[in-house]
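# Residue-level structural notes
Residues per chain, in single letters:
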Amino acid sequence: MHTASWHSVGMTLDECIKCNICTAYCPVAAVTEKFPGPKYAGPQAQRFRESGQLKSPDLSVDYCSACRVCNEVCPSGVKIAEINARAKAQIVAERGIPLRNWFFGRNEILGMIGNLAPQIANLGFHNPFSRLMAEKILGVARHAPIPHWSTRGSFASWFNRTPRLKSENKVVYFHGCSTNYYEPEVGQAAVAVLEHLGYEAIVPPQNCCGLPMLNNGEFPAAEKLYRSNLAKLLPYADRGYPIVGTSVSCVLVLREEASEMLDIENDQTRRFKNALWDLSEWLRDLHEQGKLDTNFRELKMILPYHVSCQARAHRMGRPSLDVMTLIPGLDVREGNAKCCGLAGTYGYKSEKYEIAMKVGADAFRFVRAQGDDARMVTSDSEICRWQLQHGTQKLGRAPIEILAAAYGLYDLDQRRLNTVALQKSSL
Amino acid sequence: MTELVVIGAGLAGLIAATRAAQAGHQVKIVAKGFGATHWHAGSIDLLGYFPNETIAIQRPLDAMRDVARVQPQHPYALLSDAQITDALKNFLALTREIGLPYVGAIQDGDNLWLPSPVGAARPTFLAPHAQRAGDLTRAEPMLIVGLRGMRDFYPELIAENLGKQGHPARAAFLPLDLITDRRDITTVQLAYALDDPARRARLASELKKLAQAGERIGVIGPNSVPGIRLTNALCNHLRQLGARVDVNMDVIAFRAEGDRVLWIESEASGRPLKHRAEKFLLATGGILGGGINTDHTGKIRETIFDMPLVAPRDRGQWFRARFFDPAGHPIFRAGIPVNREFQPVDANGARVFANVWAAGSTLAHCDPILERALEGIAITTGSAAACFAGQK
């Protein structure tokens, strides 16, 4: 079946002029000889993966981290990262999936299970012995910054537990797995900001966006997740509600990656796509319409901002930066590292952990160079924040947490809503 | 509010944006991808040949005055001597400031002669400091060293060609595994590998063994590490000046009211992204850079604003019969006609938009590659267009 979207990825192959700009910019090929570079693993090897080929001839594509820097710099519009993702899916279809990658694809279930008894789960998994065993048995890198389950309960349970602002103006919030199970604070900050601006936040039932599965080559399973979200959220899109997300990679998957890679573009996916926003992008739009409350309190701090590769892949500019620069006193400094290295679940894999740390070196250097006064670091992707925290010992905070703090709703150190915000929502 | 949006991140766009940012303007670069900077040698060709001439130009600054006489519409003919020297001096100062100093005989006005990747003598005006050992006016014999198995670099061919032109040279090889375990390597990957001091030391010690007294050594080939370095350094410098550099932005629409462009719009994962600005500067390149596109019917279009173009009327006139015709091919001279302030004009010479300027290879009446003037046109017109835009 060759639909338009299959065509749009596959046909770009022929646009490749072999200029190697992608290879020159690939952060992975720059630090390891195990990956030949995007041109070789992508457009070039693709010619040997034509249908009828019994087995994929080259497995080095597994070392592609899916950061999409290649797409970004390609002057000819070749969708290299998507070609690589499809090649990985073909390998999984041929050879099956390693148990570890199967687990990584199911981070939502892992989140749910750990969330039942987070203290016990954290103790059980995040101790040196368990991590060593996980590395030896499963190949999960011992030192990789795998998040702790939140001991404050899931975001969804907090949302449903507390009384919420009702308003004519409604916004649907897509929290993603990491906010739900590991960093509910990010979601609380998002809801607090939305309500502060007079919007009613709606958090309908939703599930994992499917990114971990897409990255690990499990396309059929990822498609189920995508279709399930589509069914749950499209009714809201059709009512004209914007659907905003704080996880830049989830939004990218829902808005573009899934339908493109899985070859399921249709009228429904387009309506869904048109309703989706990165939250900072939505706030920037509000500001452009003159509707954003810019009555911020001063935040006197130096804040390194790492532009995550997933944020750049949106081609939406730097909305978080645009919004954060409105905050008086805040000295946001934009880095230009290509990738933090972690890239989804890539840096969690024992054979790739060292590569991920080497890729991240530029980002770590940039963050450290901002000095000891910079205690925190921000990035649109939770994965980047965890990796930067791991590589620099600074506190990772989401742009929306910074914004919530600037509205006086949030304590950045404690990662808690201020009582002001709590009172407001109970009105 | 962004004052100036520069479309394109080639040398013309980067220089234009830098000049505007230096002057204190709020600048943003919007570019589809990177371009010719990643392929050319990193040196700055000002003027190497006149069309129809096979003898290279020795003194390009003088020759540029002749261009004005012979081809009054050539971009160089639109520039004063002062504008040209200002652009070149600014470039030299800039590259010193960003830690990639260039050398050249800007005072005497002579071209430098450097070996090309096939061993031809290549006229250029400014070169990265690191390339100065290749100066062919020097007498020392050359040792050209390749890595066995590396594609796109053929030491024997280079040495033989240099020898035929009276430059004594010999070829030698080192094993690829001296530096890498890869079976196949690009020059950029080789450069990354040589960032490692241990590998660099290994290479240096082997080179010392190969070289004879008095020889100078040439290594590694095309695919432009110097060009990439220059681009990265210029981008970083721009960010330090407070400018934005956004690549992967494919401009798909614009809105004009009266004679002013209000915004351009680029493709994105969700809704298209609007870039509003007071002024816009086109530095999107020519036919090769993607600023000008053709279709199968022979229609030629400027890709952003659909500007009026000077171009061969039909497809049959695109090419001359001989591939290496010294007169060049008419299609490569297709481009945007501009006035003396580098603002695009229509067939009657009337300005198309009051707030749009153009620079670099997208300009009509030049064939930057044939003339060996690619970077010179980029730097001088980029600089001049940015200065004009800044004055308005």
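Just so it is clear, the model here is predicted, and its values are computed rather than measured. (Residues numbered from 1 in each chain as written. Chains lettered and ligands numbered in written order. Predicted model: local features only at pLDDT ≥ 70, side-chain atom pairs only at ≥ 80, totals over all residues. Heavy atoms only, no water.)

For the rest of this paragraph, the subject is the overall build of chain A. What chain A contains, in helices and strands, is 23 helices and ten strands. For 427 residues, the compact-globule estimate of 2.2 N^0.38 gives 22 Å, and chain A sits close to it at 21 Å. Expressed along its principal axes, the backbone C-alpha trace of chain A runs to roughly 65 × 50 × 40 Å. Residues counted as buried form 64% of the 427 residues belonging to chain A. Considering only intrachain contacts with a sequence separation of at least 6, the fraction spanning at least 24 residues in chain A is 76%. (Helix = DSSP H or I, 4+ residues; strand = E, 2+ residues; numbered from the N terminus. Rg over C-alpha atoms; globule rule 2.2 N^0.38 Å. Buried < 20%, exposed > 50% of the residue type's maximum accessible area, 1.4 Å probe, protein only. Contact = heavy atoms within 4.5 Å.)

Attention now goes to helix α4 (residues 155-164) of chain B. All names here are of chain B. The complete set of buried residues in α4 reads Pro155, Ile158, Ala159 and Leu162. Seen from one end, α4 has its buried residues packed into an arc of 95 degrees, which puts them on one side. Where α4 is buried, its residues contact β4 (112-115), β7 (142-148) and β8 (169-175). Looking at the residues trailing α4, positive phi occurs at Gly166, about 85 degrees. (Arc of directions from axis to C-beta.)

Let us now look at the domain arrangement of chain A. Residue and element names in this part refer to chain A. Domain annotation of chain A identifies domain 1 (4-95) and domain 2 (301-416). When each unit is reduced to the centre of its C-alpha atoms, the spacing between domain 1 and domain 2 is 28 Å. At the junction of the two partners, domain 1 supplies 15 residues and domain 2 supplies 14 residues. For the pairing of domain 1 and domain 2, the buried interface totals around 1,200 Å² over both sides, and the portion due to carbon and sulfur atoms is 62%. It is Val31, Tyr63 and Ser65 in domain 1 that bury the most area against domain 2; as a group they hold 34% of the surface buried on that side. Here domain 1 and domain 2 share two salt bridges between them. Residues Asp62 and Lys352 are paired through a salt bridge, measuring 2.9 Å at the closest nitrogen-oxygen approach. (Domains from an automatic or database assignment. Buried area = accessible area lost by both parts, 1.4 Å probe. Salt bridge = Lys/Arg side-chain N within 4 Å of Asp/Glu carboxyl O.)

Let us look at the pattern of salt bridges. Per the stated rule, a full pass over the model turns up 52 salt bridges over all chains. Here A:Glu33 makes a salt bridge to B:Arg199, at a shortest N to O gap of 3.0 Å. You can see A:Glu33 sitting in the loop between α2 (21-25) and α3 (38-46) and its partner B:Arg199 sitting in helix α6 (residues 197-210), one on each of two chains. Classification of B:Arg199 as partly exposed rests on a relative accessible area of 21%. Between A:Glu260 and A:Lys79 there is a salt bridge whose closest N-O contact spans 2.9 Å. Residue A:Glu260 is located in helix α15 (residues 248-261), and its partner A:Lys79 is located in the loop between α4 (69-73) and α5 (80-95); the two are separated by 181 residues in the primary sequence. A single salt-bridge network, built from bridges that share partners, covers A:Arg68, A:Glu82, A:Glu256, A:Glu257, A:Arg315 and B:Glu267.

All right, on to the domain arrangement of chain B then. Residue and element names in this part refer to chain B. Domain boundaries in chain B define domain 1 (4-14 + 24-109 + 226-281 + 302-311 + 326-391) and domain 2 (115-221). Its C-alpha centre places domain 1 at a distance of 32 Å from the equivalent point of domain 2. If you look at the interface, domain 1 gives 24 residues, while domain 2 gives eleven residues. Here domain 1 and domain 2 share one salt bridge between them. Here domain 1 and domain 2 share eight residue pairs in polar contact (both at pLDDT 80 or more) between them. Those elements that place two or more of their residues in the side of domain 1 that touches domain 2 are α2 (60-70), α3 (81-97), β3 (102-104) and α7 (225-240). (Polar contact = N/O pair within 3.5 Å; in protein donor to acceptor, adjacent residues only side chain to side chain.)

The residue B:Cys387 is located in helix α8 (residues 374-391) in this model. With 378 residues separating them in the primary sequence, B:Cys387 and B:Ala9 have C-alpha atoms 18 Å apart.

Residues and elements named next belong to chain B. You can see Arg322 is positioned in the loop between β16 (300-302) and β17 (356-358). Note on Arg322: relative accessible area 54%, which makes it exposed. The spatial distance from the C-alpha of Arg322 to the C-alpha of Ala204 is 45 Å, given a sequence separation of 118 residues.

To continue, consider the pairing of strand β12 (residues 260-266) of chain B. Residues and elements named next belong to chain B. Among the seven residues of β12, five are classified as buried, and the element is accordingly described as predominantly covered. In this sheet, β12 lies alongside strand β11 (residues 251-257) in antiparallel orientation, the contact comprising six bridges. By the bridge assignment, Arg255 is partnered in β12 with Trp263. Between β11 and β12, which follow one another and run antiparallel, lie two residues, and Gly258 among them has a positive phi close to 60 degrees. Note: β12 against strand β13 (residues 273-276), four bridges, orientation antiparallel. Paired with Trp263 across the bridge in β13 is Arg276. A loop of six residues connects β12 with β13, the two strands running antiparallel in sequence. (Pairing = 2+ DSSP bridges.)

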